[in-house]
Amino acid sequence: GYWSGKVSQAELLRAGAELRARHWTLQRDLGVDLIPSNDFSFYDRVLDTCALVGAVPERYGWSGDRVDLDTYFAMARGSQGKGRDVTAMEMTKWFDTNYHYIVPEFRPGQTFRLASTKPLDEFREARGLGLVTKPVLIGPVTFLLLGKAKAARFDRLALLDALLPVYAEVLRSLAEAGAEWVQFDEPCLALDRTKEELEAYRRAYGALARRAGGLKLLVATYFAGLEDNLPTALALPVHGLHVDLVRAPGQLAPLLASWPADRTLSLGVIDGRNIWKADLAERLAWLERARERVGAERLWVAPSCSLLHVPIDLELETRLDAELRDWLAFARQKLGEVVTLARAVRDGRQRVAAALDANARAVAARRRSPRIHNPAVTQRAAGVTERDLRRASPHAARRQQQLPLPLYPTTTIGSFPQTAEVRAARKKLHDGQMTQPEYEAFIEGQIQKTLTLQEEIGLDVLVHGEFERNDMVEYFGEQLQGFAFTEHGWVQSYGTRYVKPPIIFGDVSRPRPMTVRWSRFAQSRTARPVKGMLTGPVTILQWSFVRDDQPRSETAKQLALAIRDEVLDLEAVGIRVIQIDEPALREGLPLRRDEWNAYLEWAVSVFRLATSGVKDATQIHTHMCYSEFNDVIRVIEKMDADVISIENARSGSELLEAFKEYRYPHEIGPGVYDIHSPRVPATEEIVGALREMNRVLDDRQSWVNPDCGLKTRGWEETLASLKN
């Protein structure tokens, strides 16, 4: 509303304050002892940190005083109009999640200064409600490691000494305001680190401990185990350490064996990344082991990570059947699990015996439920052979049989704007105010309009626009067995963009075609090729809440077989170009490198299983976006897609640098403009991007396309951008 001018800045700020107050008091009322603050954001916490320390790129014309909201949002989204035309900062995945953070931009000799009082303001705001909170900051080393050097290649950690005084100033202000604990999120400490990077951690926290002004400092790691970085973590001169036992339960034993007597240990025992009820008996056993070594007064019970990644409240889900609902816990329920475990550790199991018994019954019921297992599905998956993973001919031979297209063929990634009218029609169908035939006629009208517009613009390969789809994963899940759905299970993807992940609770199969009806209709209305549009097995897996009772690779194989059936059905009705999107392939890469090969082997295999049944004349596309592809560029070739389209606009053509050293043999469409920003790129800008591509790619390899789907954009900016 603020971005579109419908809401004033005062109204926006008031809404933020109301949300913070609501969530602080909710946590207090549930029994949480130490409530975090500065975890609220109008867009992204890494962007908040950029504003906090004055890391504002020059192109935004910042005055150097406080970072105002319009500069803040321009950094996040770009800005065009009122004398300003600037691109947004790069956006990429937050570790192995589907959340996107804004990537800090650094240059040699960069200076920092305190340019925001947000941590102090929100601490004081909570005090006004009678709450002494634990302010949470992105740690200085993780902040630098998450950023990118833009002007020239240099060691980002060389900026640490310039950055630390700003953090020290924040600590001083919080100490003066009455804070007791401050949490520094340092998830990068749980990843593979060099000796120099580990030394940066020691130097940073040595400096901050000396300037803490009596504050107690907690370093929080999550998403992976500390492993060989444990000695560094234990040597930091801080008062507490948080670790993720859900992701890495094996780190508990070495942690306790080396634990200092005077340190607080925060154990993340409730999963902040998935929605299943915890096995409280198992987690309580972990905590009781820790209590023997650490003592109850120095042992904290916590979620594994921020609850940003799970829905808010299961109580809102009135349509879920009772059996499945009893297996789940959303953010509010997870806090209840935390409090139950804390009381059991502090006061004894008998004080919470009823809660523990109810949990044990729910966990046992899920394990033995016949709804989870389908013998026919597991038998088919077990019968997959190496032959099922190979196309009949290599790409060079296939290309001769595929569609004749001009050099630099143009297309889009799949979706077109989902307007209020489209969403309203879907809601009317859901609420019974529109019949199925009426809804289908409406969707056909949207498809026809979009095909005509694409023809007028001059695109070579068209799409039907995906107006029938609520979400690129949920839409497919609704038509597959083994899935369940929520009404209010929204989680943030970036900014104001939320997704509602489906729940994979059992074996997956496809009872009937899912997209054939719409693809066949679209192709019947134009002589130009229309792409069939599907979401790939790894992305469906990554963007769902996945069952945790079997390996993820097995669930992915079941998904791949379902998609394979759909691909063959599309081919059978004459669809000659089929795109299977895998934007989450890189996202699923394990955080520790020694686990990469095993993941990539099965991730590539399930993509090939989904796509390799077609004839040579059928052109297979895939799409990937907003990830660090340089890590897996050589693996992408093994997927054996005929064409890959990739995000490239926000990253400043960084990916193209990889092709200077690596000759990619298939066709590729590096995105020529950023669809996550409302700005319209000029024709000259796009020509410049194509010329950059032409330095490292052959004419016959290059496609021209946006860097992602157009679902969230408006029609006016979409048409202007595509015409350019």
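Owing to the predicted nature of the structure, the values given are computational and were not obtained by experimental measurement.

What counts, and where the lines are drawn
- Think of each chain on its own: its residues are numbered from 1, step by step along the sequence as written.
- The predicted nature of this model means local features are confined to residues of pLDDT at least 70 and side-chain atom pairs, given and counted, to a pLDDT of 80 or more, with totals for whole chains, interfaces and linings taken over all residues.
- As a rule here, side-chain values cover all heavy atoms of the structure and leave hydrogens and water aside.
- Two strands make a pair as long as DSSP finds a minimum of two bridges between them.
- To qualify as a helix, a DSSP run of H or I must reach at least 4 residues; to qualify as a strand, a run of E must reach at least 2; elements of each kind are numbered from the N terminus.
- Here's how the labels work: a residue is buried when its accessible area is under 20% of the maximum for its type, exposed when over 50%, partly exposed in between, all with a 1.4 Å probe on protein chains only.
- By the criterion used throughout, a crossover qualifies as right-handed when its path from the first strand across the helix to the second strand runs clockwise, the strands pointing away from the viewer.
- Residues are treated as being in contact if the distance between any of their heavy atoms lies within 4.5 Å.
- In this text, buried Ala, Val, Leu, Ile, Met, Phe, Trp, Tyr and Cys residues form a nonpolar core when linked through side-chain atoms within 4.5 Å.

Draft legend 1. Local environment of the sheet that holds strand 13 (residues 299-303). Pairing is parallel across the open sheet formed by 7 strands, whose spatial order is 1-7-9-10-11-12-13. Both edges of this open sheet fall to strand 1 (36-37) and strand 13, since each of them pairs with a single strand only. In terms of strand pairing, strand 11 (residues 240-244) meets strand 12 (residues 264-270) through 5 bridges, oriented parallel. Across the sheet, the residue bridging to Gly 240 is Thr 264, located in strand 12.

Draft legend 2. The arrangement of the sheet that holds strand 17 (residues 503-509) in detail. The 3 strands are arranged 14-17-19 in an open sheet whose pairing can be described as mixed. Across the chains shown, the open sheet's two edge strands, defined by having one partner strand only, are strand 14 (481-484) and strand 19 (545-546).

Draft legend 3. Spatial organisation of the pairing of strand 11. Of all 5 residues that make up strand 11, 5 are buried, and the element is covered over most of its length. Of the two faces of strand 11, both are covered, the one formed by Gly 240, His 242 and Asp 244 as well as the one formed by Leu 241 and Val 243. Pairing of strand 10 (residues 216-220) with strand 11 involves 3 bridges; the strand directions are parallel. Among the inter-strand pairings, Leu 218 is bridged to a residue of strand 11, identified as Gly 240. One crossover worth recording links strand 10 to the parallel strand 11 by way of helix 8 (residues 230-235), and it is right-handed. Once you follow strand 11 into helix 9 (residues 252-257) and on to strand 12, the crossover reads as right-handed.

Draft legend 4. The environment of Leu 407, seen in detail. Mapped onto the elements, Leu 407 comes out in the loop between helix 15 (395-399) and helix 16 (420-430). Distance from Leu 407 to Thr 87, taken between C-alpha atoms, is 28 Å for residues 320 residues apart in sequence. Beyond its immediate sequence surroundings of up to four residues, Leu 407 is in contact with Asp 699 and Arg 700.

Draft legend 5. Examining the nonpolar core more closely. Ranked by internal contacts, the top residues of the largest apolar core, which has 110 residues, are Trp 94, Phe 143 and Leu 267. When residues of this core are assigned to their parent elements, the largest contribution, 9 residues, is made by helix 6 (residues 160-177). The residues touching Leu 267, leaving out its near neighbours within four places in the chain, are His 242, Val 243, Leu 245, Leu 252, Leu 255, Leu 287, Ala 290, Leu 299, Trp 300, Val 301 and Ala 302. Met 533, Val 538, Ala 610 and Val 696 belong to the second largest nonpolar core, which has 90 residues in total.

Geometric descriptors of this kind do not, in isolation, establish any biological role.
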